[in-house]
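# Analysis of the macromolecular model
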Amino acid sequence: MSKRKLVEEFIKGNIDNAYRFAFTYMKNQHDAEDVVSESIVKALKAADKIKDTGKIKQWFFAIVSNTAITNIKKSQKVVPLYSMENDSACEDSYNISNINELIEKLPKEYTEIIVLRYFEDMKIKDIAEVLGINENTVKTRLYRALKLLKEDMVDDYE
C-alpha cells in the first residue's frame, strides 16, 4: 500500500480524534474544523515524504498541533482549553461535565498532554514527539496536571 493510501486510511479512521485534539486549541467548532481540514490537506500533500509509516499517528497529530498554533498566532486568539464530549455516563460521583470543568481549568500545556495521553492513548515518547518537547518535560507536566486535578477533586468533594 502506498504511503498516501496509508495516510488516507489513517485520517478516515481518526478524523473525530483529530477534531477533538484541534478543539483543545481552538475552543470552537468552526475553527477546529478549519484546522482539521487544513491539516488533512497538508498531510496528504506531504504523505510521500513520511519516513516511518509506523508513526503516522504522531506525524499527523503534530501537523494538527502545528496548524492550530499557526492559526492561533494568525488570529491573535488566546489558546483555549479542552472541552470533552462523551455520551457515556460515569458511575462515581464525578460525571463527564465535572471532569470537563476540571480539565478546562488546567493551563494549556497540561491540557494537551492529558488529552493526548488519556483520550488519544499516546505514549510519553509519542507525546513528546507530537509537541516537540523532551520526554521528561511530558512526564513532569503530566504529573503536575494529575496532581492539580486530584487537588481540585478533593476540594470539590470536601
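Please refer to the structure placed before this passage.
This text gives an overview of the structure that appears in the document. (Residues numbered from 1 in each chain as written. Predicted model: local features only at pLDDT ≥ 70, side-chain atom pairs only at ≥ 80, totals over all residues. Heavy atoms only, no water.)

## Overview of the environment of Asn17
Selection rule: Strands are runs of DSSP state E lasting at least two residues, helices are runs of H or I lasting at least four, and both sets are numbered from the N terminus onward. Contacts were defined at the residue level, with two residues in contact if any of their heavy atoms lie within 4.5 Å.
The residue Asn17 is located in helix H1 (residues 3-26) in this model. For Asn17 and Val36, which are 19 residues apart along the polypeptide, the C-alpha to C-alpha distance reads 9.9 Å. Residues in contact with Asn17, not counting those within four places in the same chain, are Phe61 and Glu120.

## Observations concerning helix H5 (residues 108-119)
In plain terms, the rule: Each residue after the first adds 1.5 Å to the expected span of a helix. Burial classes: relative accessible area under 20% of the type maximum marks a residue as buried, over 50% as exposed, and values in between as partly exposed (1.4 Å probe, protein chains only).
With 12 residues, H5 extends 15 Å between its outermost C-alpha atoms, agreeing within 8% with the 16 Å of an ideal straight helix rising 1.5 Å per residue. Among all positions of H5, only Tyr110, Thr111, Glu112, Ile113, Ile114, Val115 and Leu116 are buried. Looking one or two residues beyond H5, the residue adopting positive phi is Asp121, at roughly 55°.

## Some thoughts on unusual backbone geometry
One non-glycine residue with positive phi stands out, namely Lys27, at about 65°. Taking relative accessible area as the criterion, Lys27 reaches 33% and is therefore assigned partly exposed. Despite not being glycine, Asp121 has its phi angle at roughly 55°, a positive value. Exposure remark for Asp121: the relative accessible area of 61% places this residue in the exposed category.

## A look at the environment of Met26
Along the chain, the position of Met26 falls in helix H1. With a relative accessible area of 6%, Met26 lands in the buried category. Separated by 46 residues in sequence, Met26 and Ile72 place their C-alpha atoms 7.4 Å apart.

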